[in-house]
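Structural description and commentary
These are the residues of each chain, in order.
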Amino acid sequence: MVGLWRPLRGTYRAPDPSDPIHMSTTPKAVYARLSIMMFIQFAIWGSWAVLIAGHMAYLGFTGTEISYVFGTTAFGSLISPLIAGWVADRVMPNQTFTALCHFAGAPILYLAWQQTEFMPMWLAIFVYAMLYMPTIALTNAIAFHHSADSRAFGNVRMWGTIGWIAIAWVMSYYLEVRAEQDPSGHYLGDCLIATTLLSIVMGIYCLTLPSTPPSRDEKHPYAFLEAFKLTQDRNFTVLLVVSFVVAIELPFYYNLTFLFLTEPETGVGLSASSANVAMSLGQIGEVALMLLLAPSIRRLGMRKTITLGILAWPVRYSIFAIGQPAWLVIAAQTLHGICFSLFFVGGMIAVERLSRRDIRASAQGLIVFATNGVGMLVGHFFSGRVHEYFALPSGGHDWSMIFLVPIAITILAAIWFVARFSESEYTQVSEAIAEAERE
C-alpha cells in the first residue's frame, strides 16, 4: 500500500492526529468514487446471500447441503485473498485485478442460476466464491489507500451497507410481484441473475477508479508471508483469533435466519419478501453505527469498541431463542449494525494501523482468511449439523436450542478478548507506524 499518508495528486494533506476524525481532508470526488465502489461491492453480495437459502430449500436441498453451498465462500476466503493481496501489493494495480475478478465471476453466476442439483450448484458457487471473496479485502485496501485517515474508513464502508439495503429492498419488491404471479417460490433463484448483472457493472466501474499501484518500497517480494509475521504482535494475534472464533457463529445468522423467519409453525412465519426486508434492518443499523464508529474508537478506545460489537451478538440471539413477539424478533435485526460495524469494521481499522503500507492488502486478506475463511468454514458445517440435529419429528425446528449455541460462542469470545487485548500496546504500535510513514 503506497502513500496512505501522502497527498493524492497534491490535493490533501496527512491529518493532524489531534484533529477530529473526518473525511474532509480527502477530496470529495475521491470520497464519492470510493463510496460508489463500496455500494456496488456489497450490493453484489446482498443480492444473493439471503435469498439463495430459500432457493435451495425450494429445490429440496437438506440443511447440510445448504450449509455446504454457503461454505464455498469460506473456501474462497481461505485460498484466494492471500494470493490476491500479494498480487495487489506486488504485481498488478489493485483496481485492475478487482475488475478482472468481477468480470470472471459474472458468467459463473449465470451458470449457477441454471442448476437444480446440489453438486453442480455447489461447484458453480465455489468457483464464484474464489473470485468474489478476495475482492472484499481488495476494495478495503483501495479505500484505505485513498483515504486521508484510516480511522475514517467507516464513513466509506457505510456505503457498502447502504448498497446491501438497496438491493435487498429491490429484490423484496421483485419477490412480491412474482409471488402474485406464482406463489410456488421457484423464482427465488433469480437473485443470481441480479448478481450477474451487478458483477458486470462493478467490473466496469473498477476500471474507472483512481490507480492503486503495487508497492515500490516492499521489504519482501511475497507480501502474504510478511503479513503472517504480524502475528508476532500480541494484539494482532488476539484480533486474528477472536475474529476466527466469532466468525464461527456467523452462519447461524446468514444461513439460518431467513429459514427461521419464514418457517410457518416453529419459526416466525413471515413471507419471503417480508423476511428479506426484515433482515435488511440489520444493514440499516450498520449505517448508523458506521457513523458512530470513529467517535467510538476515539472516546472508548479500540478494545471497548470491539468488545461492544461482540456482545451485541448474544443479545440478538437471545431474542431469537425466545422467538416472540414477532415485532421484537424483527427489531432485533438492527443489532447486526452494532455487531458488524464495531467488531468487523473496527477490526479492519485496527489491522490497517498495525501493519506497514507495503503489506496492508495482504494483512486485510489475512483477516478475511481468519473470518470469512477458516471461521466461516467451521461455522457453515457446524450450523448445518446443528440445524438438522434440532429438526422436530413433526416438522420445523427447535430454534431456541439452535440459537443457544452462538450465544455461548460469542460470550466466551468477548471474555477472552477483554482479557488479552492491550489498549496501551495497540496505541503505541499504531502511532509508531503512523509516525514512521509520515517521515
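Residues numbered from 1 in each chain as written. Predicted model: local features only at pLDDT ≥ 70, side-chain atom pairs only at ≥ 80, totals over all residues. Heavy atoms only, no water.

Turning to the overall build of the protein chain, a few remarks are in order. A count of helices and strands for the protein chain gives 17 helices and 0 strands. Each of the 439 residues in the protein chain was classed as buried or not, and the buried ones make up 61%. In the protein chain, the share of contacts with a sequence separation of at least 24, taken over all contacts with a separation of at least 6, comes to 85%. Total accessible area on the protein chain is roughly 16400 Å²; 67% of this is exposed by carbon and sulfur atoms. (Helix = DSSP H or I, 4+ residues; strand = E, 2+ residues; numbered from the N terminus. Buried < 20%, exposed > 50% of the residue type's maximum accessible area, 1.4 Å probe, protein only. Contact = heavy atoms within 4.5 Å. Areas by Shrake-Rupley, 256 points an atom, 1.4 Å probe, with all protein chains shown as cover.)

Attention now moves to the packing of helix α9 (residues 234-254) against helix α12 (residues 302-322). Viewed as axis vectors pointing N to C, α9 and α12 meet at an angle of 20°, and their least axial separation amounts to 12 Å. Classified by the interaxial angle, the pair formed by α9 and α12 is roughly parallel. Between α9 and α12 lies a crossing of left-handed hand. Contacts between α9 and α12 involve Leu 239, Val 242, Val 246, Glu 249, Leu 250, Phe 252 and Tyr 253 on the former and, on the latter, Ile 306, Ile 310, Trp 313, Arg 316, Tyr 317 and Phe 320. Along the lines of polarity and charge, the residues of the contact of α9 with α12 split into 11 nonpolar, no polar and 2 charged. (Axes fitted to C-alpha atoms, helices over the stretch in contact; angles between N-to-C directions. Parallel < 35°, antiparallel > 145°, perpendicular 65-115°, else oblique. Left-handed = near helix turned anticlockwise from the far one by under 90°. Nonpolar A, V, L, I, M, F, W, Y, C, P; charged D, E, K, R; others polar.)

Before going further, it helps to spend a moment on a nonpolar patch on the surface. On the surface, a nonpolar cluster with roughly 350 Å² of combined accessible area is contributed by Phe 103, Ile 200, Ile 204 and Leu 207. Mapping Ile 200 onto the fold places it in helix α7 (residues 191-206). (Patch = residues over 30% accessible without salt bridge, like charges linked within 9 Å, V, L, I, M, F, W, Y side chains within 5 Å. Salt bridge = Lys/Arg side-chain N within 4 Å of Asp/Glu carboxyl O.)

Counting through the fold element by element, Ala 137 comes out in helix α5 (residues 118-145). Distance from Ala 137 to Leu 366, taken between C-alpha atoms, is 8.9 Å for residues 229 residues apart in sequence. Dropping the residues within four chain positions of it, Ala 137 is found in contact with Gln 364, Gly 365 and Val 368.

Omega for the peptide link from Gln 324 to Pro 325 comes to -5°, which places this bond in the cis form. By the secondary structure assignment, Pro 325 is in the loop between α12 and α13 (326-331).

Let us look at the packing of aromatic side chains. Enumeration according to the criterion identifies 25 aromatic pairs in this entry. Residues Trp 122 and Phe 126 carry aromatic rings whose centres are separated by 5.1 Å and whose planes lie at 10° to one another, so their mutual orientation is stacked. Residue Trp 122 and its partner Phe 126 are both found in helix α5; the two are separated by 4 residues, about one turn of the helix. Plain terms: the ring middles of Tyr 317 and Phe 320 are 6.1 Å apart, the flat faces sit at 85° to each other, and that makes the pair edge-to-face. Of this pair, Tyr 317 and Phe 320 both sit in helix α12, 3 residues apart, which is roughly one turn of the helix. Of the residues examined, Phe 320 reaches a relative accessible area of 1% and is grouped as buried. Ring-pair connections join several aromatic residues into one group, and the members of that group are Trp 45, Trp 48, Tyr 128, Tyr 132 and Trp 164. Looking at Arg 316, its charged tip hangs above the ring of Tyr 253, at a distance of 4.1 Å from the centre. (Phe/Tyr/Trp six-rings, centres within 6.5 Å; stacked < 30°, edge-to-face > 60°. Lys NZ or Arg CZ within 6 Å of the ring centre and 35° of its normal.)

Next up on the list: the confidence of the model for the protein chain. With 86% of its residues at a pLDDT of at least 70, the protein chain reaches an overall mean of 82. Ignoring residues within four places in sequence, the model shows residues 1-24, a span with pLDDT below 50, making 65 contacts including any to other chains. (pLDDT = per-residue confidence, 0-100.)

Core analysis: the biggest nonpolar cluster contains 122 residues, and Met 37, Trp 45 and Ile 310 have the highest contact counts within it. Setting aside residues up to four positions removed in sequence, Ile 310 forms contacts with Val 242, Val 246, Phe 343, Thr 410, Ala 413, Ala 414 and Phe 417. (Core = buried A, V, L, I, M, F, W, Y, C linked by side-chain atoms within 4.5 Å.)

A word on the pattern of salt bridges. Pairing between side chains of opposite charge can happen when their charged atoms approach one another. This model, assessed by the stated rule, comprises 2 salt bridges. Asp 190 is paired through a salt bridge with Arg 178; the nearest N and O atoms lie 3.1 Å apart. Taken as a pair, Asp 190 in the loop between α6 (153-181) and α7 and Arg 178 in helix α6 lie far apart in primary sequence, 12 residues in all. Across the pair, exposure class does not vary: Asp 190 and Arg 178 are buried alike. A salt bridge links Arg 234 to Glu 425, with the shortest nitrogen-to-oxygen separation between them at 3.8 Å. With Arg 234 in helix α9 and Glu 425 in helix α17 (residues 423-438), this pair connects stretches of sequence that are 191 residues apart. Among the residues examined, Arg 234 registers a relative accessible area of 35% and is labelled partly exposed.

Now for helix α4 (residues 94-113). The terminal C-alpha atoms of α4 lie 29 Å apart, and with 20 residues this matches the ideal 28 Å at 1.5 Å per residue to within 8%. A maximum bend of about 25° is found in α4 at Ala 106, where proline Pro 107 lies one to four positions downstream. Buried within α4 are the following residues: Asn 94, Gln 95, Phe 97, Thr 98, Ala 99, Cys 101, His 102, Gly 105, Ala 106, Leu 109 and Ala 112. (Expected span 1.5 Å × (residues − 1). Bend = angle between axes of the 7 residues up to and from the residue.)

What describes two packed helices is the angle between their axes and the distance between those same axes. Where α9 meets helix α14 (residues 335-354), the axes come as close as 12 Å, and the angle between the chain directions of the two elements is 150°. Taken together, the axes of α9 and α14 are roughly antiparallel relative to one another. Crossing handedness for the pair α9 and α14: left-handed. Of the residues in α14, those touching α9 at Phe 236, Leu 239, Val 242, Ser 243, Val 246, Leu 250, Tyr 253 and Tyr 254 are His 336, Phe 343, Phe 344, Gly 347, Ala 350, Val 351 and Leu 354.

One can find Trp 159 in helix α6. By relative accessible area, which is 32% here, Trp 159 ends up partly exposed. Spatially, the C-alpha atoms of Trp 159 and Val 287 are 7.8 Å apart, while their sequence positions differ by 128 residues. In contact with Trp 159, not counting residues within four places along its chain, are Tyr 31, Ser 35, Met 38 and Phe 39.

Considering the arrangement of structural elements, one finds Ser 296 in helix α11 (residues 272-300). Sequence-distant contacts of Ser 296, defined by excluding residues within four places in its chain, comprise Gly 301, Thr 305 and Leu 342.

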